[in-house]
Structure formats: structure tokens, C-alpha cells
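Overview (structure and organization)
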Amino acid sequence: MVPFFRPTFLLVFALSALAPWGQGIAQQQQPIRGFPEDALAERARLEAILRETPDTARLREYMSVMTEEPHHAGSPGSRAVADYALGKFREWGLDAEIEEFEALMPMPTTRRVELLSPGSYVARLEEPVIPEDKDSDDEGQLPTYNAYSADGDVTGELVFVNYGVPEDYEQLERMGIDVRGKIVIAKYGRSWRGIKPKVAAEHGALACIIYSDPEDDGYYVEDAYPKGPMRPEMGAQRGSVMDMPVHPGDPLTPGWGAKRGERKLDRSEARTLVPIPVLPMSYGDARPLLEALGGEVAPNDDWKGALPITYHVGPGPAQVRVHLEFDWQVRPLYDVVVRIPGAIDEDQWVIHGNHHDAWVNGANDPISGAVALMETARSFSELLKTGWRPRRTMIFALWDGEEWGLLGSTEWAEHHREDLTGKAVVYFNTDAYSRGVVSGAGSHSLESFVREVARDLEHPESGKSGLEAWLARLLEDAQSAEDSAKTIERGARLGALGSGSDYTVFIDHLNVASLNLGYGGGQPAGVYHSVYDSYAHYTKFMDPGFVFGKSQAGGIGMALLRMLDAPLLPFSFSDAARTYGEYVDEIEELAAKELGEDRLDLRAVRSAVNRLAAAGEAFDAAAEVVTSRGSRWMDGKRDELQSVNREIFLAERDLGNPEGLPRREWFRHSIYAPGFYTGYGVKTMPGIREAVEQGDLTEAAQQAVMVTNAINRMAARVEHITQELSGL
């Protein structure tokens with residue numbers, strides 16, 4: 001589900017494989033958080049196995065098989081891909097099973113868009129075959145449509161709404177343009193696609209068309225496919241428009257796992273279904289509609305795309321009809337789950353997931369990430385042959401239904417809520433990857449852990465360390481000398497998680513510490529969610545030699561191994577406090593701007609952050625003393641450390657609020673959430689921040705109390721953990 005333009009400026013480190021890993025052992029003599037010094041040589045030996053085992057030929061083979069046919073969720077193709085992965089895991093001697101769920105997944109039966117006047121045009125709504133790509137002619141391709149659109153047959157004047165986000169409607173209001181009773185057409189980009197029909201419906205529009213402008217992912221960026229990697233004229237972006245900022249997962253089972261026979265809401269009760277028809281369109285189909293528009297010329301360059309036309313806003317004189325109908329059925333989901341039991345702390349789980357369902361063949365999204373996960377799992381099977389056993393339990397998962405709205409991961413996690421609440425240590429997520437550098441975001445208590453992983457890795461092309469590659473990319477993206485100086489001063493910092501991939505249920509709902517990782521940013525590609533996201537496209541443009549796939553598989557394996565085996569879990573609450581303090585600074589500045597003379601008092605929030613910072617520093621000092629005593633001493637304190645480690649990973653739960661955020665109770669994390677009108681994009685300290693943005697001082701003050709209490713809970717737990725460590 002992660003879009004091709006994944007923001008590389010959020011990147012936090014470069015996970016990569018050392019090839020031939022020449023400097024790995026030397027580098028790993030540096031301290032590793034959570035391990036005593038006398039364990040480092042053994043760490044280097046084990047990690048080398050995980051990084052050297054992934055094989056580019058195997059990655060290519062898996063991708064060739066798994067992308068051979070379309071495999072959208074709810075289809076036989078999805079089951080076939082799940083069965084293939086299951087067979088591989090079992091072939092490697094791993095304990096694997098398919099866990100089946102189900103969800104509402106409507107399929108299109110009628111799709112028609114036509115220009116009635118001036119002139120006439122019937123949209124093709126098809127992606128033509130490209131002779132150079134055999135998969136572009138596969139049977140069973142899912143038509144171009146937006147999942148969870150409403151049924152409807154409506155006619156109205158057309159209005160161009162730029163990217164269709166709230167500020168665009170504010171601009172239209174200033175121009176005196178009202179979209180009530182109209183059909184709107186918006187560009188893809190600038191926000192998650194589901195926000196566009198949501199905002200259009202709130203403004204009274206009858207229907208929403210979303211098209212891909214070549215300025216964003218077509219010939220304006222690079223040559224179009226097959227000559228180049230970008231979206232061709234008739235390429236269209238499928239995708240879900242479920243209102244995921246309310247909740248992801250099956251619309252009919254919010255908050256509980258969608259097993260066969262479980263209770264379901266009536267469709268009329270579902271809160272995440274779009275109330276108006278919405279359909280995606282290529283720029284080839286959109287151009288005749290846009291050319292028929294009159295009215296004012298688009299107000300500025302931001303509103304104008306790269307089509308060779310004058311962009312008018314309307315309304316009219318273009319009259320457009322949109323007719324959509326769907327087959328609303330509950331269909332199966334197939335999650336593939338692998339377990340390697342822990343030898344010591346079996347009830348502490350480290351989880352790594354990537355989805356396997358695609359809108360069509362899905363070579364980049366998601367099979368690139370799925371095959372890398374498979375090679376990571378195979379590498380662990382090789383490690384098991386040496387006699388090694390993980391301290392904690394390792395779970396690998398290939399989720400189904402991610403593209404529709406994070407269905408498979410959400411239903412699995414909701415179904416296993418009790419176990420995950422008490423046992424899940426960290427959830428590691430990957431999605432699509434391509435060559436470049438790794439982007440990532442996650443729980444800020446894992447920031448030091450991430451920096452150390454980056455320190456001990458090497459970028460497969462540049463030869464730089466992960467940290468050097470990361471910093472070089474950030475400096476390339478800097479817009480000024482001042483930005484560069486700030487980048488150097490800040491160093492490697494985690495971004496914050498919003499939504500858009502399978503980590504959402506873990507961090508936002510269950511409040512499990514999470515990381516989202518994956519290579520990208522080195523090669524733009526405009527074939528996202530189209531039939532052209534194929535094996536031929538991927539192996540020509542995205543990672544031809546699969547060297548980044550080997551790197552991703554090995555680097556993620558190393559990160560997992562450290563989390564699995566650390567005698568003291570490598571969390572850092574001082575890192576978290578530093579970031580939370582920055583969020584308070586941002587909100588204070590925002591409040592001064594938005595609320596004017598109305599003062600929002602955040603002193604209690606800041607006091608809680610300061611308390612956490614002090615507790616985090618004390619914890620760091622106590623942890624250093626404990627690990628300095630060596631492996632034999634730590635082994636002798638195994639039972640005590642088991643209890644301490646449980647308290648460490650439960651600290652993320654303290655940031656949760658059982659009541660959830662205002663108007664969307666499913667989202668329970670007090671520090672991170674997708675914005676109500678951003679979809680994927682994160683809002684930090686979301687309850688306070690969004691209330692300030694809405695000018696609601698009363699709600700902002702209430703949410704400040706909630707955030708204060710959450711951070712104080714975490715600080716109190718960290719203080720208790722430090723006492724326990726000091727008592728050892």
C-alpha cells in the first residue's frame with residue numbers, strides 16, 4: 001500500500017547487507033545496546049550468517065513465481081501465493097500455517113464515466129497491453145476501481161478541485177465556487193486517496209473522480225513505461241478509499257477479529273464506507289474531461305498539471321455521468337504465519353510482517369518486500385541448523401488484504417489481542433522496497449537501537465556505512481545551508497508512524513512498539529497499483545540484480561536477531577522523551593498561531609516529558625551497569641531480567657488510552673496517529689494537535705491531560721524498571 005513516492009526525507013537509516021561483509025566483524029566490536037561486551041564476538045558470527053545467507057537468485061525465483069498471475073485479496077490467486085509461501089517455509093523446516101479470516105470486499109460490476117456535453121467521450125477505464133510486458137495481458141486482472149466506493153448513477157457539472165484536500169476547497173470557496181450537486185475531479189497525490197472522496201462528500205459533491213496527472217508520476221518525471229519507469233497514458237491507480245482514519249480492517253467487524261461465524265455489523269452501520277461513488281482514471285481518460293471545463297483558469301501553478309492543456313476549474317460547462325455498481329460480498333483472507341519458539345522467554349514475541357496481496361501482479365508492491373521476508377526466514381532456518389535457538393519467540397507473517405485497508409493484519413491482531421497485549425515486544429513492518437536507501441519510522445524508544453543497526457551496516461552500492469548513506473541522502477535533500485547544518489546537528493532520527501501499512505493495528509490500536517522499514521527513493525516509478533507493476537518492470541528498473549533485496553533480507557535479519565537475543569531489551573526512553581519534547585514545542589508554536597489570545601497550557605505535558613527524560617537517563621545508566629557485569633552474571637539473573645524485560649516492552653502500552661482519540665476510538669496511541677484528513681500522514685500528539693488545528697481550546701486542554709497522564713505512566717514504569725535493575 002505504501003506509494004511509490006515514499007518520502008525519503010523521513011528516512012532514518014540504511015539497512016543494508018555487507019557484501020562481502022568485510023568490515024562487519026570489526027564494526028561489531030563496538031557496543032551493542034542490551035548486550036555485554038563479552039557477547040559481541042558471538043553476535044558477529046551469528047549476524048554474519050543472517051547477512052550472507054540471502055541469495056539474489058532465490059529472490060528472483062520467488063518473485064517470478066508469485067507475480068506470474070494476478071493475486072488480489074479474496075481471489076484464488078491470493079490463495080495460490082499464500083500456499084506457495086507456506087510450502088517454502090515448510091520446506092525450510094519452519095513451523096508454518098495459514099490462518100484464515102474474512103472481510104467485506106466489494107468487486108465492481110459496472111464502471112462507466114462519460115462526458116455528455118460539450119461533445120461526448122466515454123472513458124476507456126482499461127490499461128492496454130504492452131507487448132514488452134507479458135503480464136500486462138494476464139487473465140483475471142482486477143479492473144481499475146476504488147474499493148469501498150458507493151454504488152451510484154449520477155450526472156452533474158464537473159469541477160476541478162486540484163488534489164481534493166481541505167485547503168483546496170478553501171481556495172474554491174474564496175473563488176466563489178460551490179461543489180454541492182457537482183461531480184469533482186481531483187489529482188492523485190498530496191494526501192491519501194481516501195481523503196479525496198471523504199472531503200468531496202462533506203462538501204456536497206455527487207461523485208469523485210481521481211486521476212493520475214503526468215506531473216506527479218508520468219512523463220513529466222521520466223520516460224513512461226516501457227521506455228522508462230513512469231505511468232503510461234492509460235495507466236491508472238487502483239486503491240482502497242475506506243475511511244481508515246476512523247479504523248482499518250474489515251468494515252463490518254471493528255475491534256474484533258473477522259473469523260467465519262463471528263458477529264458482523266450490517267453494512268448500513270459500517271462507519272468506514274465512502275458515501276459517494278469514486279473511481280480512478282488515467283490521464284488519457286481524464287484529459288477530455290478537463291479540456292471540456294470552463295470557468296476560471298486554475299488559480300496558481302500548484303493547481304496546474306503537466307497535460308498540454310489550460311487547466312480550468314469550472315463548474316461546467318462539462319456535464320459528466322458516473323455510473324458504478326459493486327458486488328458486496330464477504331470474501332476470504334489468507335495470512336501465512338511462521339513461529340520459531342523462544343528457548344528462554346517464549347512468551348515474549350518479536351514479529352516481522354509484510355503483505356502478499358496485490359491489486360494485480362504487484363511485483364514491487366508487495367512482492368519485493370514479501371520475498372525479502374521469505375529470505376530472512378530462510379536465513380533463520382539456516383541459523384537454527386547451527387544449534388542456535390532464539391531467546392524470544394520469532395513470528396514471521398505474510399498478511400493478506402493489506403491493499404483493501406490492512407485487513408489481514410488487523411483481523412489477526414484483533415483476534416489475538418490478549419496474547420499480543422501481554423507478549424508482543426516489537427512489530428517490524430516492511431512493504432515494497434526498491435534500490436536507494438531505507439526509509440523508516442517508528443516508536444522513538446527504539447531510536448538508539450536503529451542507529452546501532454545503521455552503524456554496523458554498509459550500503460551495497462556506495463560502500464558507505466548505513467549512517468553515512470543516510471546522512472548523505474538527507475544532505476542531498478536539504479534546501480539550504482541552514483537545513484544542512486540542522487541535519488548534521490540532529491543526526492539519525494526516526495520519523496513518526498501514521499498509517500498506510502500493516503504496522504497500524506500494532507502501534508495505533510494495541511500500542512506495541514513498532515518500526516516500518518524498507519529501501520526506496522533511488523528510482524521513481526509511476527506504475528503503483530497498476531497492471532504495469534510487474535516482474536518485467538521491477539527487474540528492469542527497481543532492483544535488476546536483487547542486490548537491495550539481499551541487503552534488505554540480511555539487514556532486517558540482523559535487527560530481528562538483536563531484538564530476539566538481547567539479555568536486556570534495547571529500548572531508550574531518553575530518546576523518546578527528547579522527541580516528545582520537540583512535539584510539545586511544535587504544538588505550542590501552532591497554538592500561538594491558531595488560538596491567538598486563547599492560551600493553551602502545556603506545562604503539565606512538558607513536566608511529564610521532563611520526568612520521562614530524567615527516568616530515561618537513569619534507566620540508561622542502570623542498563624549500562626547491568627550489561628557491564630558480563631554474560632555469566634546476566635545468565636545468573638535470567639529470571640529477574642525476564643521480568644524487567646517484560647516491563648520494558650510494556651512501557652509502550654502506557655502511551656495508550658482505552659477511550660481512544662476523539663471521534664475515532666479505535667486509535668488509542670497518545671503520541672502517534674494518522675491525521676483525520678491526512679490518511680497516511682502522521683499527526684503527533686494527535687489529540688492535542690488536531691484540536692488546536694480546529695480551534696477547539698476546550699478539547700485541546702482535555703487532550704493535553706490525556707497525553708500528560710500517558711507520559712507520566714510511562715515515566716513511572718521506567719522509574720520502577722530502574723529500581724529493579726539497580727536492585728540486581
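What comes next concerns the included structure. (Residues numbered from 1 in each chain as written. Predicted model: local features only at pLDDT ≥ 70, side-chain atom pairs only at ≥ 80, totals over all residues. Heavy atoms only, no water.)

Considerations on the packing of aromatic side chains
Going by this rule: In this analysis, rings of Phe, Tyr and Trp, with Trp reduced to its six-membered ring, are considered paired at centre separations within 6.5 Å, and the interplanar angle assigns stacked below 30 degrees, edge-to-face beyond 60, and tilted for intermediate values. Numbering of helices and strands runs from the N terminus, with a helix taken as a DSSP run of H or I at least four residues long and a strand as a DSSP run of E at least two residues long. The buried label goes to any residue with under 20% of its type's maximum accessible area, the exposed label to any with over 50%, and the partly exposed label to all in between, with areas taken from a 1.4 Å probe on protein chains only.
For the structure shown, the criterion picks out 27 aromatic pairs. Arranged with centres 4.0 Å apart and planes meeting at 10 degrees, the rings of Tyr427 and Phe506 form a pair that is stacked. Taken together, the positions of Tyr427 in strand β14 (residues 424-429) and Phe506 in helix α16 (residues 504-509) put the pair 79 residues apart, joining distant regions of the chain. Each member of the pair, Tyr427 together with Phe506, is buried. Aromatic rings pair up to connect Tyr145, Tyr148, Phe326, Trp328, Trp359 and Trp404 into one cluster.

Thoughts on the side chain of Thr579
The condition is simple: Contacts are assigned to residue pairs that have any heavy atoms within 4.5 Å of one another.
Structurally, Thr579 can be placed in helix α19 (residues 573-594). Of the residues examined, Thr579 reaches a relative accessible area of 2% and is grouped as buried. With near-sequence residues (within four places) excluded, Thr579 lies in contact with His444, Glu447 and Arg493.

Quick word on the environment of Asp502
Spelled out, the test is: Nitrogen and oxygen atoms within 3.5 Å of one another constitute a polar contact, given that in protein one can donate a hydrogen and the other can accept it, and given that sequence-neighbouring residues count only through two side-chain atoms.
As for its placement among the helices and strands, Asp502 is situated in the loop between α15 (481-490) and α16. The buried category is assigned to Asp502, whose relative accessible area is 0%. Put simply, Asp502 and Asn645 are 143 residues apart on the chain and 25 Å apart in space, counted from C-alpha to C-alpha. The residues touching Asp502, leaving out its near neighbours within four places in the chain, are Asn354, His355, Trp399, Glu402, Leu406, Ser409, Tyr427 and Asn429. Side-chain polar atoms of Asp502 contact the side chain of Ser409, separated by 2.6 Å.

As for the environment of Glu97
Position of Glu97 among the secondary structure elements: in strand β1 (residues 95-104). Look at Glu97 and you get partly exposed, because its relative accessible area is 38%. Along the primary structure Glu97 and Val338 are separated by 241 residues, whereas in three dimensions their C-alpha atoms are 6.7 Å apart. Residues in contact with Glu97, not counting those within four places in the same chain, are Leu86, Arg90, Asp335, Val336 and Val337.

Here we look at helix α2 (residues 40-52)
Selection criterion: Between the first and last residue of a helix there are one fewer steps than residues, each counted as 1.5 Å, and that sum is the expected span.
Here α2 is 13 residues long and its end C-alpha atoms lie 18 Å apart, about the 18 Å a rise of 1.5 Å per residue gives. Of the residues making up α2, those classed as buried are Leu40, Arg43, Ala44, Leu46, Glu47, Ala48, Leu50 and Arg51.

Observations concerning the pairing of strand β7 (residues 207-211)
As a reminder of what qualifies: Note on pairing: two strands pair once DSSP finds at least 2 bridges between them. The path from the first strand over the helix to the second decides the hand: if it runs clockwise while the strands point away from the viewer, the crossover is right-handed.
With 5 of its 5 residues buried, β7 lies for the most part within the structure. Examined bridge by bridge, strand β6 (residues 183-187) and β7 share 5 bridges and lie parallel to one another. Considered in β7, the bridge of Val184 is made with Cys208. Since β6 and β7 lie parallel, the crossover through helix α6 (residues 195-202) that links them has a hand, and here it is right-handed. Alignment of β7 against strand β9 (residues 278-281), held across 4 bridges, turns out to be parallel. Paired with Ile209 across the strands is Leu279, a residue of β9.

Here's the deal with the side chain of Ser368
Assignment of secondary structure puts Ser368 in helix α9 (residues 363-385). Once you skip the residues sitting within four places of it in the chain, Ser368 turns out to touch Met63, Ala363, Asp431, Ala432, Tyr433 and Tyr538.

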